[in-house]
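Coordinate analysis (summary)
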Amino acid sequence: MYVELHCKTNFSFLEGASHADELFARAARLGYAALAITDSHSLSGIVRAHVAAKQHGLRLIVGAEIAPRDGLPIVLWATDREAYGRLCRLLTTGNRRAAKGSCELTCGDLEACCQGLLAGVLFSAPQLARAVAGSDDPEGPEARDDVGFCEAVLRRYRKIFGDRCYGLISLHRGADDARCLEGARQWAAERELPLAAAGQVRYHAACRKPLHDALTAIRRGIAIDAATCVLDANAQYHLRSLEELHQLFAAAPSLLERTREIAERCTFSLDDLRYEYPSELQLIDQEGDSSWLPPPASLSPSGPAASAGGSDPATVRRAPRRSPATAALVRPGFLTARLVHGEAVPRPLFACLVRLTERGAAARWPAGVPERVRGQLEHELELIEQLQFEAYFLTVWDLVRFARQRGILCQGRGSAANSAVCYCLGVTSVDPARCDLLFERFVSRERDEAPDIDIDFEHERREEVLQYLYKKYGRERAGMTAEVITYRPRSAVRDLGKALGFSLDAVDALAKNLEGYREEPELTAKFRMSGIDPESPRGKLLAELTRELVGFPRHLSQHVGGMVITDRPLCELAPIENAAMEDRTVIAWDKNDLDALGILKVDCLSLGMLTAIRKAFELIDRQIAPRGTPPLSLAGVPPEDSRVYEMICAADTTGVFQIESRAQMSMLPRLQPRTFYDLVIEVAIVRPGPIQGEMVHPYLRRRNGEEPVDYPNDEVRSVLQKTLGVPLFQEQAMRLAVVAAGFTPGEADQLRRAMGAWRKSGVIEQFRLKMLQGMRARGLSEEFAERLFNQLRGFGEYGFPESHAASFALLVYVSAWLKCHYPAAFAAALLNSQPMGFYAPAQLVRNARDHGVHVLPVDVNHSDWDCTLEESANAAADSAASSLALRLGFRMLAGMSRPSAERIVQARHEGPFVSVENLARRAALPQAAVEHLAAADALASLAGDRRTALWNALDQPARPEDLPLFADQQSDDPAPWALPAMSPAAEVAADYRTAGLSLRGHPLGFYRRQLDALGVAPAESLARREADRPASVAGLVLMRQRPSTAKGITFITLEDETGTANLVVRLNVWQRHYLVARRSSALVAWGTLERKGSVIHLVADRLADLTECLQQQRLPPRPPQEMWSHRSRDFR
Amino acid sequence: MRILCLWLPNWPVQRAVQAGRGSAAERVVLSERDRRGRLTVAACSAAAAAEGIFAGMPLAEASSVARQSRRAGRYPPAALPEGDRCASRQPDSAARRELPRPLWQSLDRWADRVALEELAVSCAAFSPRIAVADPVAADAPPGGEAWSDSLLLDVTGLDRLFGSEADLAAALRRHVAQLGYRGRLAAADSVGAAWAFARHIASVANEQIAIVPSARIGDALSALPVSALRISPEAAQRLVQLGVEQIGQLTSLPREALRSRVGSEVLVRLDQALGLLAEPLAGQRSGDSPGASWNGSAAVRSSEALERLLERLCTKTAEQLGRIDRGALRLTCRVRDAEGVVHALPVAFYRPTANVRHWCELIQLQWERLDLAAGVVAIEVAVEQMAPLTSVQQELFELDAAGSIAKISSIRQAGIDRQWGVLLERLAGRLGRRAVVRARQVADPQPEWGVRWESWLAWEATAARSSSPPRRRRRPAAAALAGGDAVEDAARPRPEPCENGAGCAAADSVPGQRNLAQAHLPGQSGLAQAHLPGQSNLAQAHLPGQSGLAQAHLPGQRPLRLHAPPRVLGAAELGVGGCPERLECDQTWHEVVAAEGPERIETGWWRRAAVRRDYWRVGLRDGRRWWIFYDLRARRWYLHGEFG
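The sections below set out a description of the structure shown in this document. (Residues numbered from 1 in each chain as written. Chains lettered and ligands numbered in written order. Predicted model: local features only at pLDDT ≥ 70, side-chain atom pairs only at ≥ 80, totals over all residues. Heavy atoms only, no water.)

For chain A, the count of helices and strands is 50 helices and 23 strands. Relative to its 1132 residues, chain A shows a buried fraction of 59%. Counting only contacts in chain A whose residues sit at least 6 apart along the sequence, the fraction spanning at least 24 positions is 74%. (Helix = DSSP H or I, 4+ residues; strand = E, 2+ residues; numbered from the N terminus. Buried < 20%, exposed > 50% of the residue type's maximum accessible area, 1.4 Å probe, protein only. Contact = heavy atoms within 4.5 Å.)

Quick look at empty space enclosed by the protein now. Residues and elements named next belong to chain A. For the structure on display, the rule yields 10 cavities of 30 Å³ or more. Taken as a whole, the largest cavity holds about 90 Å³ of empty space. What lines the largest cavity is Thr654, Lys819, Pro823, Phe826, Ala827, Leu830, Leu844, Asn847, Ala848 and His851. Of all elements in the fold, only helix 38 (823-832) and helix 39 (841-850) reach the threshold of two or more residues within the lining of the largest cavity. (1 Å grid on protein atoms, 1.4 Å probe; cavity = no way out; pocket = protein on both sides within 12 Å on 5 of 7 lines; lining within 4 Å. Points joined across faces, edges and corners; volume = space filled by probe spheres on them.)

This paragraph deals with the interface of chain B and chain A. On the side of chain A, 54 residues touch chain B, which itself brings 58 residues to the contact. Both sides of the chain B and chain A interface together cover about 5,200 Å² of buried area, and 51% of this is carbon and sulfur. Summed over the shared surface of chain B and chain A, the number is 3 salt bridges. A salt bridge links Asp176 of chain A to Arg617 of chain B, with the nearest nitrogen and oxygen atoms 3.0 Å apart. Across the chain B-chain A interface, the total number found is 11 residue pairs in polar contact (both at pLDDT 80 or more). When contributions to the side of chain B that touches chain A are tallied by element, the ones reaching two or more residues are helix 3 (59-72), helix 9 (233-241), helix 11 (255-262) and strand 17 (588-603) of chain B. (Buried area = accessible area lost by both parts, 1.4 Å probe. Salt bridge = Lys/Arg side-chain N within 4 Å of Asp/Glu carboxyl O. Polar contact = N/O pair within 3.5 Å; in protein donor to acceptor, adjacent residues only side chain to side chain.)

What follows covers the pairing of strand 13 (residues 437-441) of chain B. Residue and element names in this part refer to chain B. Taking burial as the measure, the 5 residues of strand 13 include 5 buried ones, the bulk of the element. The side-chain alternation of strand 13 yields two buried faces, one formed by Val437, Ala439 and Gln441 and the other by Arg438 and Arg440. Bridge count between strand 13 and strand 14 (residues 451-455): 5 bridges; the pairing is antiparallel. Within strand 14, the residue paired with Arg440 across the bridge is Arg452. (Pairing = 2+ DSSP bridges.)

Moving on to the sheet that holds strand 7 (residues 195-197) of chain A. Residues and elements named next belong to chain A. Spatially, 7 strands are ordered 1-2-3-4-5-6-7 in an open sheet, and the strand pairing comes out mixed. In this open sheet, the two strands that pair with only one neighbour each are strand 1 (3-4) and strand 7. Here 5 bridges tie strand 4 (residues 74-78) to strand 5 (residues 117-122), and the two strands are oriented antiparallel to one another. Looking at the pairing, Leu76 lines up with Ala119 of strand 5. Contacting strand 2 (34-40) and strand 3 (59-66), helix 2 (residues 46-56) runs over the sheet at an angle of about 155 degrees to strand 3. (Axes fitted to C-alpha atoms, helices over the stretch in contact; angles between N-to-C directions.)

On to the pattern of salt bridges. All names here are of chain A. Considering all chains together, one arrives at 80 salt bridges over all chains under this definition. Here Asp678 makes a salt bridge to Arg703, at a shortest N to O gap of 3.2 Å. With Asp678 in helix 29 (residues 676-685) and Arg703 in helix 31 (residues 696-703), the pair connects residues that are 25 residues apart, well separated along the chain. By relative accessible area, which is 10% here, Asp678 ends up buried. On the accessibility criterion, Arg703 (27% relative accessible area) is partly exposed. Here the salt bridges share partners, and the residues they tie into one network are Asp937, Arg946, Glu987, Asp991 and Arg1000.

To continue, consider the sheet that holds strand 17 (residues 884-887) of chain A. Residues and elements named next belong to chain A. A sheet is described by the order of its strands in space; here 3 strands give the open sequence 15-17-16, paired in mixed fashion. Each edge of the sheet is formed by a strand with only one pairing partner; in this case those strands are strand 15 (855-856) and strand 16 (868-871). With 2 bridges joining them, strand 15 and strand 17 adopt parallel strand pairing. Bridge pairing in strand 17 links Leu856 to Arg887. Running at roughly 15 degrees to strand 17, helix 38 makes contact with strand 16 and strand 17 of the sheet.

Take the packing of helix 21 (residues 489-499) of chain A against helix 22 (residues 504-513) of chain A next. Two quantities define a packed helix pair, namely the angle between the axes and the distance from one axis to the other. Residue and element names in this part refer to chain A. Remark: helix 21 packs on helix 22, axes separated minimally by 8 Å, with the N-to-C direction vectors making an angle of 165 degrees. If you check the angle between helix 21 and helix 22, you find them roughly antiparallel. The crossing of helix 21 and helix 22 is right-handed. Contacts from Arg490, Val493, Arg494, Gly497 and Lys498 of helix 21 reach helix 22 at Leu504, Val507, Asp508, Leu510, Ala511 and Lys512. (Parallel < 35°, antiparallel > 145°, perpendicular 65-115°, else oblique. Left-handed = near helix turned anticlockwise from the far one by under 90°.)

To continue, consider unusual backbone geometry. Omega for the bond connecting Gln834 of chain A with Pro835 of chain A falls within 30 degrees of zero, at 0 degrees, which places this linkage in the cis form. Along the chain, the position of Pro835 of chain A falls in the loop between helix 38 and helix 39. A positive phi is found at Leu14 of chain A, a non-glycine position, where the angle reads about 60 degrees. Inspection of the secondary structure assignment puts Leu14 of chain A in the loop between strand 1 and helix 1 (20-30). Despite not being glycine, Gln587 of chain B has its phi angle at roughly 60 degrees, a positive value. Within the secondary structure layout, Gln587 of chain B lies in the loop between strand 16 (580-585) and strand 17. By relative accessible area, which is 74% here, Gln587 of chain B ends up exposed.

Residues and elements named next belong to chain B. Counted residue by residue, strand 2 (residues 28-33) has 5 buried out of 6 residues, so it is predominantly covered. Pairing of strand 2 with strand 4 (residues 103-106) involves 4 bridges; the strand directions are parallel. By the bridge assignment for strand 4, Val28 is matched with Leu103. Pairing of strand 2 with strand 3 (residues 39-44) involves 5 bridges; the strand directions are antiparallel. The residue bridging Arg33 from the neighbouring strand is Leu39, located in strand 3. Count of turn residues in the strand 2/strand 3 antiparallel hairpin: 5 residues, of which Gly37 carries a positive phi of about 85 degrees.

A contiguous patch of negative charge, built from Glu304, Glu307, Glu311 and Glu368 of chain B, is present on the exposed surface. In this fold, Glu368 of chain B is placed in the loop between helix 14 (356-367) and strand 12 (376-388). (Patch = residues over 30% accessible without salt bridge, like charges linked within 9 Å, V, L, I, M, F, W, Y side chains within 5 Å. Areas by Shrake-Rupley, 256 points an atom, 1.4 Å probe, with all protein chains shown as cover. Lys, Arg positive; Asp, Glu negative; His and termini not counted. Charge placed at Lys NZ, Arg CZ, Asp CG, Glu CD.)

All names here are of chain B. All told, the structure shown has 0 disulfides over all chains when counted by the stated rule. Cysteine Cys123 shares no disulfide, and the gap to the nearest cysteine sulfur, in Cys5, comes to 12 Å. Left unpaired, Cys314 is separated from the closest cysteine sulfur, that of Cys360, by 3.8 Å. (Disulfide = S-S within 2.5 Å.)

Helical geometry: 3.6 residues make up each α-helical turn, so side chains three or four residues apart lie on a common side. Residues and elements named next belong to chain A. In this model, helix 46 (residues 984-995) (12 residues) spans 16 Å end to end at C-alpha, consistent with the 16 Å of a helix rising 1.5 Å per residue. Burial runs high along helix 46: 9 of the 12 residues are buried. Among all positions of helix 46, only Ala985, Ala986, Glu987, Val988, Ala989, Ala990, Asp991, Tyr992 and Thr994 are buried. In the core, the buried residues of helix 46 are packed alongside helix 43 (927-935), helix 45 (946-953), strand 18 (1030-1041) and strand 19 (1050-1056). Looking one or two places after helix 46, you find Gly996, whose phi comes out positive at around 75 degrees. (Expected span 1.5 Å × (residues − 1).)

It is worth spelling out the packing of aromatic side chains at this point. Considering all chains together, one arrives at 20 aromatic pairs over all chains under this definition. Look at Phe123 of chain A and Trp187 of chain A: their rings are 6.2 Å apart centre to centre, the planes differ by 80 degrees, and that puts the pair in the edge-to-face class. Taken together, the residues Phe123 of chain A in the loop between strand 5 and helix 5 (126-134) and Trp187 of chain A in helix 7 (residues 177-190) connect sequence positions 64 residues apart. Judged on exposure class, the residue Phe123 of chain A and its partner Trp187 of chain A are both buried. Aromatic rings pair up to connect Tyr615, Trp627, Phe629 and Tyr638 of chain B into one cluster. Lying over the aromatic face of Trp589 of chain B, Arg582 of chain B brings its terminal NZ or CZ to 4.9 Å of the ring centre. Residue placement shows Arg607 of chain B over the ring face of Trp449 of chain B; its charged tip is 4.1 Å from the ring centre. (Phe/Tyr/Trp six-rings, centres within 6.5 Å; stacked < 30°, edge-to-face > 60°. Lys NZ or Arg CZ within 6 Å of the ring centre and 35° of its normal.)

Following this line, the structure appears as structure tokens:
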């Protein structure tokens, strides 16, 4: 029996050319006793190898290949858990010392971490090979050097590792195998180094040699034809059959035997990595803090929406600590009773969780916990206890508690977050009594996986939460998760194309054409489109290699928010690497790896809308709300406000969370949401999953009563009733697999994961068969089964869980409510939270003005850094509700620095500025900053028009230090002669250039006469026009979008002075007018008007650049050169 | 003073079109790396611009624009007649033809500059003082640097020779047009004004010539935009922001207030244009690269006279080189005959040399083939590439009594080396540089690919080098003065350095490779490498069967000569490991008494035919040793070479 001791997976980036499961499958088939995975300076692929090893019933030996700077390359294998920890520590040392993606080690580092590690010196290393070959014939001085060096290093290794040091010989049918083997044996025998055979495996089968060669070329950055000197002479670096190995090592069979000896010394398995929860959590119980909960009285009557509104962070801060008296209100613990009678020695953490849950439940349901919820709580706690997840829940609870103490808005999501326990813990605000969530979705009995809770924090303040975690657990024990970036078709053809010597522009074209490609058959068509013949020899090679390379890991990146917290040092769990971002480190495993080992991870994500909502709350509390009213909070927002729903139904939702996108806006009038649950559906329905699974139209038809709602049986009815028989949520799809096909919840979850995996394998087909069988057995039709399977497939990749939708829907409602009742504050908050959301500031401001908000321009005597609300005589006349005008802040100006703005605000406390010179001196502004303000027309209150201001600004000293000491002039030099006045169009263009928007007018407004002459209609008039007739419209391009579900159609939104118009650009039109379509910032479109309900599109068949059209018109005025200097938001 | 400015719009494109005469590409796109290192369009022809390509556009995007319109098979609307542009009808079938591929080139600033200087020289008939105008920042492509695109001629008092200034300008325009270039011309009292008028007044309407009399210069200038003042783009933009768009507005502003706000640069340029501040014409032409020229008043036919002339020019050039202790690696002799045809005679050297006789000899080798019956009116010798001279003090070593044999042999070697170089240069002069090649060893696992052929001389090597990754040349002179190392490197092509990693055992044989090759050459009968020009095609430069030098890293494991193609063998009685015990070649059976192997070679999957072979070194009973292989695809045995 043979054990391969030196084998790399594709996690030795651009070195290994096979996935771990391919290696293990082949090793198992060939009858290997075990397989070591020894990636180069990395353990990133080891978890996948572990999973693959289990699957194929083969033992995995964990190791890594390292090349100390002052030594010979060796392979290290871990014998036990402690040794594994030291291996991780060693790699961490090397990774942290070097730049991202590389590792720098010395023999000294080895000395520090050697205990328990076995070492194999590679005889294939060039220096050693030369030394061995040249030792009997030491002619050249080079060989003599090598011999000396190798002997010294070897002595050192022997000293470090003692009897744990081996030599590894690999034979690959080279020119002189027999002599090499003999020479090495003799050499080793003289030095008493035990030898073992190894394969230097880089791919599982010989057929991967081309891919390996191509990867080598990519690594070296040269074309394959020029890379011959670094390519292997043959394909022998694969897992070879035992027979072949015996033939190769016929002269020394003992070398093969020794591999087993080494393997037997390595008893470590990744299963030994018992996850140890942080011990700090035990302290939580002592704190006994439940101040996060609002006093029961402040909870609105237990209407459904109110409970969805949930707990309230703002009140939390202000709520008085619960007095002992209120504690008495809590009924004697129904859960604590279990603890007393249950286990003999309850786990302290679990007991703590139970107590917290109990307290929370009592606060949530002051009138008593409903029987159903109580059952659910019991069930969940039982699962948590059984799977030992209590520490996880406590960690999440701790994070949420911290955020609330700091006044950071946060909201948990994910079905674990929306469990009854989390509702009681305050992690989420969605009432479990109303959502029938599948608890097994996140904690499955079959698979020992960690639950998944995502917590959204305000995007500007998430860092505080991360810093809290680092502070609490230390950098040693808390770290970011990595994300494995894999080759996509696009990146694969880019790299391979270059390696195969295709011209750069051909590669580029192909890569561009591969946007969003997933299915294989398309590849040849895409090749043709890009001018590469797929039938040519190189074309075929490229296609073949691309197919193989897709799914290979490419590099490690940083996960958006996954934090891992451990009890013992993190670097003994997995190696830690430098991230691209400065001062950030990541552990070498990704989310799936952690899941597979059951390691705790909390996702701390950032969400812009939470920031905006908090800022809006603050503005309203401070300036609008009458004194004495309680501060606003997520829960304090009045539920089910019909005015809000009317606004939503009219698709007047610019700026509202989630439902502001074009697709959502066109859905709103059709769906007509009237209740909170309708919003949950709205959020979930406009997703690729339901759209590709073709569930949207059936749902709409059924909702409008155009189609009967029917169910094949009662079990299916129980799952689908709330969505009228159409599965819209991921949970429903999984639940269907349970009730209709007899899956266990754990199996359903496995199915979901298999669907979501990027790499295809036979696994999905197995599930499909199982599912069809199960349905047949339950008497369901084949057609229903197939349809369900396809729907499931859609959900696997793009599904949206109900639990997420419910959490989001709450934010939808709150933001819509703010927009409806406080448009000025809402707009200010959105502007102050940029960049976020779907629309640019210009559209937000315009929308606010359309809603009667009086917007004032940036002015040095009035503006702050942020946009503010201020009393305005004009605005008061409009309506009582919006007596406050929105004053734009300095943050709107491109290139304005925050410190300068703050100095201006600071200096203004002493009184308003009187002249440009006065401003520059008091706020210590450099000339460039003053010039900037002048160009942006923010000096209007000092110098009148823009040009005079600029004239004065240019006269300021370049640096504030150069200011004359006593020259405080009260007025500036008047301009020596009247500078020519700017045309209104030029003013608007300058506004757009400096602030991205103009309050004076819309650029297109100046050219309406010319547009009329061209027969171009104003955007708002389209609604009154007859459908299916030719029409044309012109405007600034606000955005271009090409949803993956739209079959190559591009949606372009245009804006003119009257409103916006939506263009549909088919692929052929896009290609015909590529340059205009892709680049023009303002264009004219001709086409046919299409109307579906109240949704109007112009299906374009011709596009032209607006500037060109206007210039041909020969009608004054001509547009100035940079008239349309705004930036559209493309393909986001 | 009267200055005539000749502006050559879009000069790099004009130059590229002219250089690539014959390729009638209407769409020319020149690219360069911008300051951020991205490949961007630096200049493009009008046809390309009409498609939407513009300077500063990323090259990748430009190529996709070109591809889109190529695929659409039509010219973009702007290229159609004006009236059709906004019309809604589809482009008709005539316009739907497939467009030719655009000409993609990288911007060659050095060649542009040289061509402009050559143009200046050719205009000598129009003025005794001609200067290439300095680049103006305002003309720079986005993210790049500006280039020169104007000539300035001092035409003070010359109008009478041609009739009038307008006639002079027209004659110059005709001259330039004959050379294939389009230019606009303007005459005025100052460099600044002539420069501005050439760009802004000379237009199609007035035959692209603007003659502005002294009296009208002020008026004419005041109507021009401020950017016509050769001021920095930032200053121009600032003026426009202030509403000052024309020079006339600028002159009416108080100077001191202006100076503190837009800087003195604007004032200097304004004064220069108005002729208030003198601006001397820059020097004749940049004298960076050594060279000499002769212009005869009458055609010279006598070959002896020509030889003397050439020698004189070479001597002059060599003196210039001698002052900086350089030798020429490449030089070009240009000869213009009485009919105006210019013949270029490029010469490349094996090592830098300043030996005038040697230069002349090599030039004359080519000269002899020219038809110079009409007589020669001008000769120019210009050094294109140079390197430090290496001097060997031969005599001293030879006189050294204590010199060891090794030293003497190294001196001999050096002598042979030098003579060898001379031989190569002569052969190359006579047969063409491409015909003189040498073997280069390549570490390629497949034995047939172990050797490739490449040119001996510097010229080819550098040409090949600069064609693959476009190297950016900062200034004309910089390339020549880049220092010994770079040139030395270019002169001696070496295999690409490969790292000393596994599977790259060839690396250590690289340093010795040159000597190895040279040591073999004297012995190689008839210098077979000197192929006839027509037959030597570098594309198929590898010659199977000649890999004697290759695989030196596997001593004793590769035969010196290979059979090309390998010879089919008959085989019988496979023994241990799969090696046959008897082999048949040419109907004779040989008994195998010793076998080593198999060595497997599987490679070349990216070439037309991948190989999978098991090689054996076998000893035959008659004492011969063969290198045979079993082709795992064809399942046959072959004899690939013989040892010893």
